[in-house]
Amino acid sequence: MSSVSGAVLSGPPTRVLAAALAASRYDDLPPDVVDHAKRAVMDWLASALGGSIEKPARLAQEIAEGFGRSYEATVFAGGRASAPAAAFANGVASHILELDDVHEGSTLHAAAPIVPAALAVAEREHADGRSFLAAVTVGYEAAFRIGEAVNPGHYYFFHPTGTVATFGAAAAAASLLRLDANQMVDALGTAGTQAAALWEFNADGAMSKHLHPGKAAMNGILAADLARVGFTGATRILEGPRGFFEAMTRGPQGSAPQYDASRVTDGLGARWKIVENGYKLYSCCRHTHTAVDCALGLRARRRWSADDVLREVDAITVETYGPGFEIVKEMNPRTPYQAKFSLAYCVAAALLEGALGLEQFADDRFGAGGVRDRAIAELLPRIRVVVADDLTARYPAAWPARLTLACRAGAEGEGGLKDDASEGAASDSPKGSRENPVTTGELEQKFTTLVGSRFGADVARSALDAVREIEDAADMTRVFKGLGDLGTMGFAREPRFLSPSVL
């Protein structure tokens, strides 16, 4: 964004942001920003490939094929399709396993909608790898800034990965199309009028959450393509009296809109938001992760086995923040999906098993009456989840949690440590956040484990090598060549589970 002058940074947020996005090129990116973009793409690819053989992804691929035969872009494990259709199918696949990235400030999973849009357009336009990485960075910039402006007011009714990220997908696609500032305004305007994603699906555990990033990716490409041919969009889509900010930030009981438009332009041109991106090591909702970290830490410190936990822990109190609690308050999940959004279940599994990978969310663990796993079902009634006002006040700058375990005094664990009457842990930031980061090596291990569990070690290694070489790619069409054919390689339809020690 070095080409954006200070004068441009004053004015309506939509136009200021559009000018900065349109002016951004690969040569503007500092080396650490490029590294963050490559990390984001690597982590996304693991989730997209891993999710591509799940039922919701297969259904999305079937629908994408019905959009019409085309060979513009790769559909992972699903052949090729038009760019919008490929972005749709890959976007759905990216968000199924709940292992895709997350940005705390905007409460947004950026990769699932933005990278599929960028990849599909890059393949269609035969763009090089550097242009692709720049587009991903631009998409994250738009999404994180708009997301921070409307968070947390927007979050009560809307899933930002489907709403806010539509702007990010449009910006990424527009970057690859080399749209100018005015065209970028049109693209953002058309993206904003398509932004949609309601939380009501969570009450049913419906597949809508997977749909949201797929549709955002598809809509983003449509917005950019329309802008390229002269189709106009709202010029004040963010700040207008009937725009995104006013319409999409009304909380419960029709409360007044809650947004901070200054977040869109604060530091614009001086710092890149992608460096704030966070990553997930547990296959469940991010709102559970800080408490899970606390549980895993307590288990390791006391050197507890599952039998120790059941014998020695009388009661568990989990304190969390209000907006997160509304998403993860299920106490006795009946399906794997509900379990991923159950703070109580995730804490119980972490304490008892020391892991939260795909195995902890296997189908056979749940039934119509709730959790079937004997140990977890025994521990769940001892767990109480409460909202703490002081923790809520610190969200979304922090995603804090406190865990307090009431233990039976005098008992000794496997490690020979005498138990006190209580044990506690607290944290402000989950593992993988900017404040509590993971290394690139840890993300590579996550990649090879996840992709290898679905398609074998050879596919995992070659896909990881492809990501490492993106920066030097002359044509993105060739980078992931072959990954669309994975559906015909004879992989196990019932995928192997990840090692609990890894995820």
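Above this text you will find the structure in question.
Every value quoted in this text rests on a predicted model; they were computed, and no experiment measured them.

As for the packing of helix α12 (residues 289-302) against helix α16 (residues 343-353)
- Where α12 meets α16, the axes come as close as 8 Å, and the angle between the chain directions of the two elements is 20°. Relative to α16, the element α12 is oriented roughly parallel. For α12 against α16, the interelement crossing comes out right-handed. Between α12 and α16, the contacting residues are Ala-291, Val-292, Ala-295, Leu-296 and Arg-299 on the first element and Leu-343, Cys-346, Val-347, Ala-350, Leu-351, Leu-352 and Glu-353 on the second.
- Of the residues in the contact of α12 with α16, the class split is ten nonpolar, no polar and two charged.

Regarding helix α20 (residues 457-468)
- A rise of 1.5 Å per residue sets the reference length of α20, with its twelve residues, at 16 Å; its end C-alpha atoms lie 17 Å apart and thus fit the reference within 8%.
- The complete set of buried residues in α20 reads Val-459, Ala-460, Ala-463, Leu-464, Ala-466 and Val-467. With its buried residues spanning 155° around the axis, α20 presents them on a single face.
- Buried-residue contacts for α20 involve α2 (31-51) and α19 (440-455).

Remarks on the packing of helix α8 (residues 181-194) against helix α9 (residues 208-228)
- Running from amino to carboxyl end, α8 crosses α9 at an angle of 140°, the nearest separation of the two axes being 8 Å. The pairing of α8 with α9 is recorded here as oblique in orientation. Along this stretch, α8 crosses α9, giving a crossing that reads as right-handed. Residues Gln-183, Asp-186, Ala-187, Thr-190, Ala-191 and Gln-194 of α8 touch α9, and the partners they reach there are Asn-219, Leu-222, Ala-223, Ala-224, Leu-226, Ala-227 and Arg-228.
- Across the contact of α8 with α9, the residue classes break down as seven nonpolar, four polar and two charged.

Some details on the nonpolar core
- Counting residues in each nonpolar core, the largest one holds 174 residues, and the members touching the most others are Leu-45, Phe-132, Tyr-140, Phe-244 and Phe-480.
- If one sorts the elements of this core by residue count, helix α6 (residues 129-150) sits on top with 13 residues.
- With residues up to four places along the chain from it excluded, the contact list for Phe-132 reads Val-41, Val-115, Ala-118, Leu-119, Ala-122, Leu-176, Ile-470 and Met-476.

Focus on a nonpolar patch on the surface
- Judged by side-chain polarity, Tyr-156, Phe-157 and Leu-198 come together as a nonpolar surface patch covering roughly 300 Å² of accessible area.
- Mapped onto the elements, Leu-198 comes out in the loop between α8 and α9.

With respect to the side chain of Arg-145
- Note that Arg-145 resides in helix α6.
- Judged by relative accessible area, which is 0%, Arg-145 ranks as buried.
- The residues contacting Arg-145, other than those within four sequence positions of it, are Leu-17, Arg-263, Val-264, Thr-265, Asp-266, Gly-267, Leu-268, Arg-271 and Lys-273.

Quick notes on the packing of aromatic side chains
- Scanning the model with the defined rule gives 15 aromatic pairs in all.
- Ring plane angle 50° and centroid distance 5.8 Å describe the contact between Tyr-345 and Phe-361, whose orientation is recorded as tilted. Of this pair, Tyr-345 sits in helix α16 while Phe-361 sits in the loop between α16 and β4 (366-367), placing them 16 residues apart in sequence.
- Measuring from ring centre to ring centre gives 5.3 Å for Tyr-345 and Phe-366, while their planes differ by 50°; the resulting arrangement is tilted. Of this pair, Tyr-345 sits in helix α16 while Phe-366 is found in strand β4, placing the two residues 21 residues apart along the sequence.
- Put simply, the rings of Trp-44, Phe-76 and Phe-480 touch in pairs and so form one group of aromatic residues.
- Here the guanidinium or amino end of Lys-340 rests over the ring plane of Phe-361, the centre of that ring lying 4.7 Å away.

What counts, and where the lines are drawn
- Residues numbered from 1 in each chain as written.
- Predicted model: local features only at pLDDT ≥ 70, side-chain atom pairs only at ≥ 80, totals over all residues.
- Heavy atoms only, no water.
- Axes fitted to C-alpha atoms, helices over the stretch in contact; angles between N-to-C directions.
- Helix = DSSP H or I, 4+ residues; strand = E, 2+ residues; numbered from the N terminus.
- Parallel < 35°, antiparallel > 145°, perpendicular 65-115°, else oblique.
- Left-handed = near helix turned anticlockwise from the far one by under 90°.
- Contact = heavy atoms within 4.5 Å.
- Nonpolar A, V, L, I, M, F, W, Y, C, P; charged D, E, K, R; others polar.
- Expected span 1.5 Å × (residues − 1).
- Buried < 20%, exposed > 50% of the residue type's maximum accessible area, 1.4 Å probe, protein only.
- Arc of directions from axis to C-beta.
- Core = buried A, V, L, I, M, F, W, Y, C linked by side-chain atoms within 4.5 Å.
- Patch = residues over 30% accessible without salt bridge, like charges linked within 9 Å, V, L, I, M, F, W, Y side chains within 5 Å.
- Areas by Shrake-Rupley, 256 points an atom, 1.4 Å probe, with all protein chains shown as cover.
- Salt bridge = Lys/Arg side-chain N within 4 Å of Asp/Glu carboxyl O.
- Phe/Tyr/Trp six-rings, centres within 6.5 Å; stacked < 30°, edge-to-face > 60°.
- Lys NZ or Arg CZ within 6 Å of the ring centre and 35° of its normal.

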